[in-house]
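The chain contents come next:
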Amino acid sequence: MRETYKTQKVCSFYVSNMHFATMILPFAKKQIEEKTKVITFLENNFTTNIELVLSKLIAAEEIKREILNINWKDTKAVKYINIEKILKNKLDSNNKNVIIVNGNEDYINNVNYCIDRYLQKSHKKIETNEIKVINFYEVRNF
Amino acid sequence: MKYGTFNENIKEILDKHNAIFNTAGEHKIEEVFEGYKKSKEEIEII
């Protein structure tokens, strides 16, 4: 018998783009300080909101630069091959990883399916207990 | 902070996750939604 590998899955709910930005930035700051790799799959572009909230965040300039290096633009490509390419390039097998997914329910489900499929395929190379996926759902869609 | 009953749509989403994240950080779902229980365990053994 063998176990199917699973990542830790976390959900979150937000009511506006600014709400998402104010929730995610202190969290992203903490991840960077702890050397955790942050990877994003966003259905919409949050760059403006992130930059606005970041300008008010108390953090070292170096940390702010690293936060801005995270991709806050939309990743509309949801085909497996594109998601696989991003994960192959960005997942850090030597440190913890957090994958942030934000979009409507279909987008989130599709991206998660691709992530799970990639990790099943690559489990021998990656410690899957070091990967956390946080799915952000916009409340107005319920 | 605890909430009352939740609608089935949210419950379906909660069932797919191990924890919930908000501005106060990460929590067990049961700590945020009073009365919530996962519908089934999702451990797959092949």
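Look up a bit, the structure's there.
Residues numbered from 1 in each chain as written. Chains lettered and ligands numbered in written order. Predicted model: local features only at pLDDT ≥ 70, side-chain atom pairs only at ≥ 80, totals over all residues. Heavy atoms only, no water.

### Observations concerning the overall build of chain A
Note the cut-off: Segments assigned H or I by DSSP are reported as helices when at least four residues long, segments assigned E as strands when at least two residues long, and all are numbered from the N terminus. Any two residues whose heavy atoms approach within 4.5 Å at even a single point are treated as in contact. Computed with a 1.4 Å probe, the accessible areas rest on the Shrake-Rupley method; for each residue, only the protein chains presented here act as cover.
Tallying secondary structure elements over chain A gives 5 helices and 4 strands in all. Overall, chain A shows an N-to-C arrangement of helices and strands of β-α-β-α-α-α-β-α-β. Summarising the internal contacts of chain A: among those between residues at least 6 apart in sequence, 84% fall at separations of at least 24. Accessible area for chain A stands at about 7900 Å²; split by element, carbon and sulfur atoms hold 47% of it.

### Here's the deal with the sheet that holds strand E2 (residues 37-42) of chain A
Short version of the rule: For two strands to count as paired, DSSP must find a minimum of two bridges between them. Fitted lines through C-alpha atoms serve as axes, helices being fitted only where they are in contact, and the angles separating the N-to-C directions of these axes extend from 0 to 180 degrees.
With mixed pairing, 6 strands are arranged side by side in an open sheet as E2(A)-E3(A)-E4(A)-E1(A)-E1(B)-E2(B). At either margin of the open sheet sits one strand with a lone partner, and together these are E2 of chain A together with strand E2 (25-27) of chain B. Across the sheet, the mean angle separating the axes of adjacent strands is 25° when strand polarity is ignored. Relative to strand E3 (residues 97-102) of chain A, E2(A) runs parallel, the two being bridged by 6 bridges. Its bridge partner lying in E3(A), A:Lys37 is registered against A:Asn97. Most of the contacts of helix H1 (residues 17-33) of chain A go to strand E1 (residues 8-14) of chain A, to which it runs at about 145°, and overall it touches E1, E2, E3 and strand E4 (131-138) of chain A together with strand E1 (19-22) of chain B.

### Quick look at the packing of aromatic side chains
Any two aromatic rings considered together are summarised by their centre-to-centre distance and by the angle between their planes. Applicable threshold: Think of it this way: a Phe, Tyr or Trp ring, Trp meaning its six-membered ring, pairs with another when their centres are within 6.5 Å, and the plane angle makes it stacked under 30 degrees, edge-to-face over 60, tilted otherwise. For each residue, the accessible area found with a 1.4 Å probe, counting protein chains only, is set against the maximum for its type, and the residue is called buried under 20%, exposed over 50%, and partly exposed in between.
Using the criterion set out here, one finds 6 aromatic pairs over all chains in the structure. Judged by centre distance (5.0 Å) and plane angle (65°), the ring pair of A:Phe27 and B:Phe21 falls under edge-to-face. Of this pair, A:Phe27 sits in helix H1 while B:Phe21 sits in strand E1, placing the two residues on different chains. Residue classification places A:Phe27 among the buried positions, given a relative accessible area of 12%. B:Phe21 gets classed as buried once you look at its relative accessible area, which sits at 5%. Seen from their ring centres, A:Phe136 and B:Phe21 are 6.0 Å apart, and the 80° between their planes marks the pair as edge-to-face. Linking A:Phe136 in strand E4 with B:Phe21 in strand E1, this pair reaches from one chain into another.

### Comments concerning the environment of A:Lys29
Residues and elements named next belong to chain A. Inspection of the secondary structure puts Lys29 in helix H1. Between the C-alpha atom of Lys29 and that of Tyr118, which follows or precedes it by 89 residues, the distance is 27 Å. Other than its neighbours up to four places away in sequence, Lys29 contacts Leu57, Ile58, Ala59, Ile63 and Ile67.

### Re the packing of helix H2 (residues 47-56) of chain A against helix H3 (residues 61-69) of chain A
Residue and element names in this part refer to chain A. Counted only if it meets this: For this classification, under 35 degrees means roughly parallel, over 145 means roughly antiparallel, 65 to 115 means roughly perpendicular, and everything else is oblique. Amino acid classes used here: Ala, Val, Leu, Ile, Met, Phe, Trp, Tyr, Cys and Pro are nonpolar; Asp, Glu, Lys and Arg are charged; the rest, including Gly, are polar.
Packing of H2 against H3 brings their axes to within 11 Å, and their N-to-C directions diverge by 170°. As judged from the angle between their axes, H2 and H3 are roughly antiparallel. Residue-level contacts link Glu51, Leu54 and Ser55 of H2 to Lys64, Ile67 and Leu68 of H3. Among the residues making up the contact of H2 with H3, the classes are represented as 3 nonpolar, 1 polar and 2 charged.

### Some points on unusual backbone geometry
Only a minority of non-glycine residues have a phi that is not negative, and only a minority of peptide bonds are not trans. The phi angle at A:Lys35 is positive, at roughly 60°, despite the residue not being glycine. Locating A:Lys35 in the fold gives a position in the loop between H1 and E2.

### So, H1(A)
Residue and element names in this part refer to chain A. Short version of the rule: The span expected for a helix works out to 1.5 Å for each residue beyond the first. Two axes define the bend at a residue: one fitted to the seven residues ending there, one fitted to the seven starting there, and the bend is the angle between them.
Taking 1.5 Å as the rise per residue, H1 with 17 residues should run 24 Å; its terminal C-alpha atoms sit 24 Å apart, in good agreement. The sharpest bend along H1 comes to roughly 25°, located at Ile24, with the proline Pro26 sitting one to four residues further on. Taken from the residues just after H1, Lys35 is the one with a positive phi, measuring 60°.

### Digging into the packing of H1(A) against H3(A)
Residues and elements named next belong to chain A. At a minimum axis distance of 10 Å, the contact between H1 and H3 shows a crossing angle of 110°. Relative to H3, H1 is oriented roughly perpendicular. Between H1 and H3, the contacting residues are Leu25, Lys29, Ile32 and Glu33 on the first element and Ile63, Glu66 and Ile67 on the second. For the contact of H1 with H3, the class distribution of residues is 4 nonpolar, no polar and 3 charged.

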